[in-house]
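# What the coordinates show
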Amino acid sequence: GVLGSVSGHSHLRAHWNGWNFQKSNLYLPESREIRGWTHSAYLSWLSFGANYIAYPIQVMSHICVVLFLIQSADRSSCAWCFWIKLKSIKPRIEGDPFKADDGSEYEYPMVLVQIPMCNEREFNTVVLNKFTSNRFQLFANLIDDDSIQTLIKAEVSKWKQTGYKAGNLKSAMSYDYVKNRKFVAIFDADFQPNPDFLKQTILHFKGNPDLGLIQVRWSFVNKDENLLTRLQYINLCYHFEVEQQVNGVFLNFFGFNGTTGVWRIKALEDSGGWLERTTVEDMDIVVRAHLNGWKFISLNDVKVLCEVPESYEAYRKQQHRWHSGLIHLFRLCLPSIITSKISIWKKANSILLFFLLRKLILPFYLFVLFCVVLPLTMFVPEAELPAWVIRYVPILMSFLNIFPGPKSFPFVVPYLLFENTMSVTKFNAMISGLFKLGSSYEWVVTKKTGRSSESNLLDAAEKETKNEMTNNKVKEQEKAAPPSIRKVIKIYKELALALLRLTTALRSLLTAQGIHFYFLLFQG
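Residue numbers restart at each chain and count upward from 1, following the sequence in its written direction. In keeping with the model being predicted, local features are shown solely for residues with a pLDDT of at least 70 and side-chain atom pairs are shown and tallied solely at 80 or more, while totals for entire chains, interfaces and linings include all residues. No hydrogens and no water enter the side-chain calculation; it runs on all heavy atoms of the structure.

Where an unreviewed UniProt entry is consulted, the protein chain appears under the name Putative xyloglucan glycosyltransferase 2, with the organism given as Ananas comosus. UniProt positions are given in the numbering used here, feature names are shortened, and annotations may be inferred rather than shown by experiment. Quoted straight from UniProt, the Subcellular location (unreviewed entry) entry for the protein chain says "Golgi apparatus membrane".

In structure tokens form, the structure reads like this:
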């Protein structure tokens, strides 16, 4: 009543002062009308989802389930690694194949050792010392003269234009001293082979004229450094135990790792040598050698010490380069595989197993099923995803991957979530390689700490101190420089996906879908 009298008094004073009042034409809806609009929009969305979205989601989910079953059949081949261990199936050497006929001396072949590097100062001399023995010698001259250093810098600047690692390997094979060598051993700068590495590998070439490549296994100095390195170890253990050992025993064909391998130089020459057309020159040369009839063996019991990336950024860039390069290579090699003279069985193995199943189908169905289909089903009830898909598909795939390395079973849950997260990066890389986008041509050297080159604890402590000083300088420079647009986009893209997962987790909680809620919550 007081407010009414005050309001009326104010209106009278305004009228006597010459102000005019008109009835407002602005329409203000009532609360029940607003609730009606919201409800109408919600009903429209449900109708649209049921009529236009549900069916495509159901089709995609069925396709992903079929792809999962096919992938599971391929992954079940991990059981063969236990059969190989049970029967002790592995390449063997009878006697000493390089012993002279009169038994008085040894006839060891000349071996070229190549160590391609790119700004990896902490590794450049350690590898060489490992090969110094009474039969295999490798000499290195360290030159300090300023004029010579100027010439070296000029030569290095010229080599920068040769096409990254493949171009440098190709240039190195053109020198005269290569003519006297029959084999070439290749190591990345952070790999530390044992002094008897060449004896354990070269001897297998004798009596096997069609053997083109010998690949050995990696041993990781930092596999227990953090959760990321443990999860990488699971994938790499499956790679060496199944993809290389099993395929080497039964198919004599697998992918070259780009390091810790010994090539017959004639196999490289017959296959066209190193080419710079992709960022996976190691896979490129191995496919062309396979099409030319060369065979490969994997020595799973010969190990070379190395390290895996310890930061997520370095690992993600490595995986993007590998997957985009492989899909790009598939585009280039598919016509050659189809028209090659190898058997139909080998063609099918190269196309379906080597490329499609393991490099394209796996990241595709993981991304589509768990990053697209599952979140959409929370908002489109008609496109319900069966609970058994959420329960058994990721768990079974994780167990099949961890099976060759049983010590990693305690990490099955984080590995499951991590692989689904990495499917975003791998799917993005797959699209880049498939449509030849710019990122499929980028060569990014994987950053590592240099732990595999530490000879003792004092060296390790000194290196750790230097690394901290370097990292502090880099962080200061990064703070001063604005972040790149691409990096900002990647960050927001991942945050958007995380927000989508958490939102759908809340939606599944409200609709009482327990298994969906827990999966989406932890994944988000």
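## Brief notes about the nonpolar core
Buried Ala, Val, Leu, Ile, Met, Phe, Trp, Tyr and Cys residues that are joined via side-chain atoms within 4.5 Å together make up what is termed a nonpolar core. The buried label goes to any residue with under 20% of its type's maximum accessible area, the exposed label to any with over 50%, and the partly exposed label to all in between, with areas taken from a 1.4 Å probe on protein chains only. Counting residues in hydrophobic clusters, the biggest one holds 38 residues, and the most contacted among them are Tyr 365, Leu 369, Phe 370, Leu 374, Leu 385 and Val 393. Looking at which element gives the most residues to this core, the answer is helix α12 (residues 344-377), with 13 residues. Contacts between residues were defined by any pair of non-hydrogen atoms, one from each residue, lying within 4.5 Å. Setting aside its immediate chain neighbours within four residues, Phe 370 contacts Tyr 365, Pro 375, Ile 390, Val 393, Pro 394, Asn 420, Arg 501 and Phe 519. Residues Leu 213, Trp 274, Cys 333 and Phe 354 belong to the second largest nonpolar core, which totals 33 residues. Here a helix means four or more residues in a row that DSSP labels H or I, a strand means two or more in a row labelled E, and each is numbered from the N terminus.

## Remarks on unusual backbone geometry
Look at Ser 88: it is not a glycine, yet its phi comes out positive at around 55°. Tracing the sequence through the fold places Ser 88 in the loop between α3 (79-87) and β1 (111-114). Among the residues examined, Ser 88 registers a relative accessible area of 42% and is labelled partly exposed. In the Ramachandran plot, Asn 252 falls in the positive-phi region, its phi being about 55° despite a non-glycine side chain. Along the chain, the position of Asn 252 falls in the loop between α8 (227-250) and β4 (261-264).

## Focus on the pattern of salt bridges
The term salt bridge refers to a pairing of a side-chain nitrogen on Lys or Arg with a carboxyl oxygen on Asp or Glu at a separation within 4 Å. The tally for this structure, following the rule as stated, stands at 14 salt bridges. Across the pair Asp 210 and Lys 295 runs a salt bridge, and its minimum N-O distance is 3.5 Å. Of this pair, Asp 210 sits in the loop between α7 (197-202) and β3 (211-220) while Lys 295 sits in strand β5 (residues 295-306); the two residues are 85 residues apart in sequence, bridging distant segments of the chain. Taking relative accessible area as the criterion, Asp 210 reaches 33% and is therefore assigned partly exposed. Here Arg 316 and Glu 494 are joined by a salt bridge, their closest N and O atoms 2.4 Å apart. Of this pair, Arg 316 sits in helix α11 (residues 312-339) while Glu 494 sits in helix α16 (residues 485-510), placing them 178 residues apart in sequence. Taking the relative accessible area as the measure of exposure, Arg 316 reaches 18% and is therefore buried. Residues joined in a network through salt bridges with shared partners are Lys 85, Arg 217 and Glu 241.

## A short note on empty space enclosed by the protein
The way it works is a 1 Å grid over only the protein atoms, where trapped points that fit a 1.4 Å probe form a cavity and open points with protein on both sides within 12 Å along at least five of seven lines form a pocket, and then any residue with an atom within 4 Å of a point lines it. Grid points are joined across faces, edges and corners, and a volume is the space filled by probe spheres set on the points. Enumeration according to the criterion identifies 2 cavities of 30 Å³ or more in this entry. Approximately 100 Å³ is the volume attributed to the largest cavity. For the largest cavity, the full set of lining residues is Leu 362, Leu 366, Pro 394, Met 397, Ser 398, Asn 401, Tyr 415, Leu 416, Glu 419 and Asn 420. Elements represented by at least two residues in the lining of the largest cavity include exactly α12, α13 (387-402) and α14 (412-434). Partitioned by chemical class, the residues of the lining of the largest cavity number 6 nonpolar, 3 polar and 1 charged. Of the pockets and cavities examined, the second largest cavity occupies roughly 40 Å³. Asn 247, Leu 251, Phe 253, Asn 349, Leu 353, Phe 354 and Arg 358 together form the lining of the second largest cavity. Only Asp, Glu, Lys and Arg are considered charged, only Ala, Val, Leu, Ile, Met, Phe, Trp, Tyr, Cys and Pro nonpolar, and every remaining residue, Gly among them, polar.

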